[in-house]
Amino acid sequence: MEGLADPFGDRVVNEIPPPPVLPLDEGILYPSSDSKTPDWIAVRDHLAAEGTISKEHFVKMLHDATDIFKEEPNLIQFPEPLVMVGDIHGQLYDLIHLIEKAGDPSKTNYVFMGDYVDRGIFGVEVIIFMISMKLNFPDSFAMLRGNHECRNMTDHFTFRQEVIEKYDEEVYDLIMEMFDALPICGLADKKYFITHGGISPELKKISKINKIDRFLEIPMDGIMCDLMWADPIDEKEAKKYDFIENKERDCSFYFGRKPAKKLIDDNNLMTIVRAHQVQVDGYKMHRWDGPSSFPYVITIFSAPNYCDYYSNKGSVLILEDGNVSIKQFDDSEHPYHLPDRIDIFTWSMPFLIEKVVQMMKSVYTKWQEDEPSDGEDFKSATDLKERAEKIKGKVKAFARVQKMYKTLTEESELILKLKGMVPDGKIPRGLLLEGRPAIKDAIMEFKRAKELDKQNEMRPKKKREARVIRS
Ligand SMILES: [Mn+2]
């Protein structure tokens with residue numbers, strides 16, 4: 001595939017091949033006469049090189065994948081061996097690495113537990129890559145729904161904007177329709193219950209899950225909401241409570257040992273496997289009966305160095321020969337994009353403005369110096385004083401603006417980092433006026449950063465029409 005042209009021969013890093021010029025060729029995408037099975041390896045390599053898929057082909061793949069998902073039950077049964085995967089969140093290069101490490105999908109059974117998009121900047125590519133694998137291995141490659149696979153979340157976070165920038169609203173709607181069709185739970189080896197978030201007070205018999213009408217936007221409460229939103233209670237409190245209000249999510253519950261044990265016992269399960277929460281090691285065993293006990297819940301998180309910031313590991317859970325094991329992996333390098341995919345011109349504006357302001361300031365200062373001193377003019381002393389004050393004010397204002405832009409240019413790296421951490425990407429102006437120490441403080445203070453990020457774990461306030469399902 002031919003790369004982008006380099007007419008001036010001035011590419012700085014020549015060892016990285018330029019992105020392909022054209023979307024993946026139809027003959028390469030669909031090599032066999034069966035036009036429903038894309039060459040997933042060609043898709044992977046093309047996307048990894050930052051190539052694109054034409055809208056026509058993406059739309060076709062979405063239709064074909066949705067048709068498959070629609071036929072799947074709410075609760076999918078898996079035999080072992082099985083690889084269970086947690087949140088991906090648009091981290092394409094980590095997903096590619098994960099597949100390399102955990103096993104060729106033509107020979108490995110996979111279940112992904114949701115949260116494919118939002119936050120990471122390659123959500124579109126993650127979806128294309130994943131459905132190209134799904135279309136090749138419909139029976140051994142499963143994709144469950146996470147709480148981000150809906151309109152409410154993708155609209156509040158980054159994915160909707162990303163799809164519209166890379167394709168359009170029509171493609172976004174088709175992806176959402178596909179999300180509505182995703183199955184919601186899994187059962188591996190009849191013993192491992194798999195879901196994105198957690199359990200529900202309304203969930204008694206696992207088999208009941210198949211009675212839920214899942215083809216809708218994720219409801220604000222009820223069993224489907226809990227399966228996708230609930231969290232296990234912290235170690236120390238797990239024996240104290242059954243279900244308590246989940247304040248961090250602003251919906252659903254935290255669940256404790258007792259209801260987890262009851263669900264496990266009543267359904268002859270071993271444990272509950274879920275994703276949904278970032279973990280330093282990429283996983284967490286919730287051993288509520290002591291350090292050597294078998295965990296009631298296992299959390300798996302598969303987006304290493306989440307948001308390019310958390311420094312966490314990613315992991316997958318492998319079920320084989322009746323045993324579970326963890327495989328951890330580190331983050332992979334990925335192409336760098338400026339926040340909000342701004343272009344280099346927009347990004348460089350502060351540098352330019354700083355220079356312009358500097359010029360204007362020196363003009364003003366010079367003019368102030370050249371002002372005639374008292375006696376040389378007809379103006380009264382008060383007049384002159386007033387004028388001097390005005391000019392002083394203007395120079396001060398310039399100095400402030402200049403200081404802001406100086407900070408923006410000098411600390412551009414730090415500010416980009418900070419922007420990534422502030423949910424709406426807006427940095428308080430005060431911070432820019434205070435300069436480097438204040439910005440450094442804001443970044444270094446891990447607690448503050450986690451506090452800032454905390455609101456991103458919450459269900460967005462915006463209310464949407466949703467049916468409440470009781471089973
Ligand atoms: Mn989640």
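Just so it is clear, the structure is predicted and the values come from calculations on it, not from any experiment.

> I tried to follow helix α8 (residues 169-181) on my own but got confused; where do I start?
Residues that lie three or four places apart on an α-helix share one face, since the helix turns once every 3.6 residues. A rise of 1.5 Å per residue sets the reference length of α8, with its 13 residues, at 18 Å; its end C-alpha atoms lie 19 Å apart and thus fit the reference within 8%. Among the residues of α8, those classed as buried are Val171, Tyr172, Leu174, Ile175, Met176, Met178, Phe179, Asp180 and Ala181. In this structure, the buried residues of α8 make contact with α3 (55-71), α5 (123-136), α6 (151-156) and α7 (159-166). Of the residues flanking the start of α8, the one acting as N-cap is Asp168, its side-chain oxygen 3.2 Å from the backbone nitrogen of Glu170.

> Can you help me understand the sheet that holds strand β2 (residues 82-85) in this one?
Either a parallel or an antiparallel arrangement is found when strands of a sheet pair, and the pairing is made through backbone hydrogen bonds. Sheet architecture is open: five strands sit in the order β4-β3-β2-β13-β14, paired in mixed fashion. The strands lining the two open edges of the sheet, one partner per strand, are β4 (141-143) and β14 (323-329). Sheet twist, expressed as the average angle between the axes of neighbouring strands with direction ignored, equals 20°. Pairing between β2 and strand β13 (residues 314-320): four bridges, direction antiparallel. Each bridged residue has a counterpart across the sheet, and for Met84 the counterpart in β13 is Leu317. This element, α5, spans β3 (110-112) and β4 of the sheet and lies at about 135° to β4.

> So what exactly am I meant to see when it comes to the packing of aromatic side chains here?
Between two aromatic rings, the relevant description is the distance of the centres plus the angle of the planes. Considering all chains together, one arrives at 14 aromatic pairs under this definition. Plain terms: the ring middles of Tyr93 and Phe122 are 5.3 Å apart, the flat faces sit at 75° to each other, and that makes the pair edge-to-face. In this pair, Tyr93 is assigned in helix α4 (residues 92-102) and Phe122 in the loop between β3 and α5, connecting sequence segments 29 residues apart. Assigned by exposure class, Tyr93 and Phe122 land together as buried. Arranged with centres 5.7 Å apart and planes meeting at 75°, the rings of Tyr309 and Tyr310 form a pair that is edge-to-face. A residue is classified by how much of its surface remains accessible, and Tyr310, at 14% relative accessible area, is buried.

> When you look at the pairing of strand β6 (residues 192-195) in this model, what are you seeing that I'm missing?
Each regular strand shows side chains that alternate between the opposite faces of the sheet. Of the two faces of β6, the one lined by Tyr192 and Ile194 and the one lined by Phe193 and Thr195 are each fully buried. Note: strand β5 (residues 185-188) against β6, four bridges, orientation antiparallel. The residue of β6 that forms the bridge with Cys185 is Thr195. Between β5 and β6, which follow one another and run antiparallel, lie three residues, and Asp189 among them has a positive phi close to 55°. In terms of strand pairing, β6 meets strand β10 (residues 271-274) through three bridges, oriented parallel. Bridge pairing in β10 places Phe193 opposite Ile272.

> What's the story with the sheet that holds strand β11 (residues 283-286) in this structure? I'm lost.
Ordered by their spatial adjacency, six strands build an open sheet running β1-β5-β6-β10-β12-β11, and the pairing between neighbours is mixed. The sheet terminates laterally at β1 (75-78) and β11, the two strands that pair on one side only. The mean inter-strand angle of the sheet, taken between neighbouring strand axes irrespective of direction, is 20°. Sheet analysis places β11 next to strand β12 (residues 297-300), joined by four bridges and oriented antiparallel. Considered in β12, the bridge of Met285 is made with Ile298.

> Teacher, can you tell me more about the packing of α5 against α7 here?
Angle between the axes and distance between the axes are the two parameters that describe a pair of packed helices. At a closest axis distance of 9 Å, the pairing of α5 and α7 adopts a crossing angle of 80°. Here α5 lies roughly perpendicular to α7, going by the angle between them. Between α5 and α7, the residues in contact are Gly123, Val124, Glu125 and Ile127 and Phe159, Glu162, Val163 and Lys166, respectively. Across the contact of α5 with α7, the residue classes break down as four nonpolar, one polar and three charged.

> Would you take a moment to explain the coordination of the manganese ion for this structure?
Geometry reference: four tetrahedral donors at a metal, ideal angle 109.5 degrees. Six octahedral donors, ideal angles 90 or 180 degrees. Protein-derived coordination of the manganese ion comes from Asp115 (OD), Asn147 (OD1), His196 (NE2) and His276 (ND1), at a distance range of 2.2 to 2.3 Å. Here the donor residues of the manganese ion share one chain and are spaced in sequence as D-x31-N-x48-H-x79-H. Linking Asp115 in the loop between β3 and α5 with His276 in the loop between β10 and β11, this pair joins segments that are 161 residues apart in sequence. Side by side, Asp115 and His276 carry an identical accessibility label, which is buried.

> Please clarify how empty space enclosed by the protein should be interpreted in this entry.
In this approach a probe as big as a water molecule rolls over the atoms, and the regions it shows empty are the leftover space. Enumeration over the complete set of coordinates arrives at two cavities of 30 Å³ or more. For the largest cavity, the lining is made up of 14 residues, of which His89, His148, His276, Tyr306 and Glu457 are closest to its centre. A breakdown of the residues in the lining of the largest cavity according to their chemical character gives three nonpolar, six polar and five charged.

Definitions and cut-offs
Here the residue numbers are simple positions, counted from 1 along each chain's written sequence. Restriction of local features to residues with pLDDT of at least 70 applies here, the model being predicted, together with a cutoff of 80 or more for giving and counting side-chain atom pairs; totals for whole chains, interfaces and linings are based on all residues. By convention in this description, side-chain values take in all heavy atoms of the structure and omit both hydrogens and water. Segments assigned H or I by DSSP are reported as helices when at least four residues long, segments assigned E as strands when at least two residues long, and all are numbered from the N terminus. Take the number of residues in a helix, subtract one, and multiply by 1.5 Å to get its expected span. Exposure classes here rest on a 1.4 Å probe applied to the protein chains alone. A residue is buried below 20% of its type maximum, exposed above 50%, and partly exposed in between. Contact definition: two residues touch when any of their heavy atoms are within 4.5 Å. In the analysis that follows, any N or O atom pair within 3.5 Å is treated as a polar contact, provided that within protein one partner can donate a hydrogen and the other can accept it, and provided that, for residues neighboring in sequence, both atoms belong to side chains. Think of it this way: DSSP has to see at least two bridges between two strands before they count as a pair. Think of each axis as a best-fit line through the C-alpha atoms, taken over the contacting stretch in the case of a helix, with angles from 0 to 180 degrees between the N-to-C directions. Each pair of aromatic rings taken from Phe, Tyr and Trp, with Trp reduced to its six-membered ring, is defined by centres within 6.5 Å and is described as stacked if the planes are under 30 degrees apart, edge-to-face if over 60, and tilted in the remaining cases. An angle below 35 degrees is treated as roughly parallel, one above 145 as roughly antiparallel, one from 65 to 115 as roughly perpendicular, and anything else as oblique. Put simply, Ala, Val, Leu, Ile, Met, Phe, Trp, Tyr, Cys and Pro go in the nonpolar bin, Asp, Glu, Lys and Arg in the charged bin, and everything else, Gly too, in the polar bin. Donor atoms are limited to N, O and S found within 2.8 Å of the metal ion, a distance that becomes 3.2 Å for Na, K and Ca. With water left out, some sites might look partial. Within this scheme a cavity is a closed region of a 1 Å grid, computed over the protein atoms alone, that accommodates a 1.4 Å probe without allowing it to escape, whereas a pocket is open but has protein on both sides within 12 Å along at least five of seven lines; lining residues each have an atom within 4 Å of a point. Grid points are joined across faces, edges and corners, and a volume is the space filled by probe spheres set on the points.

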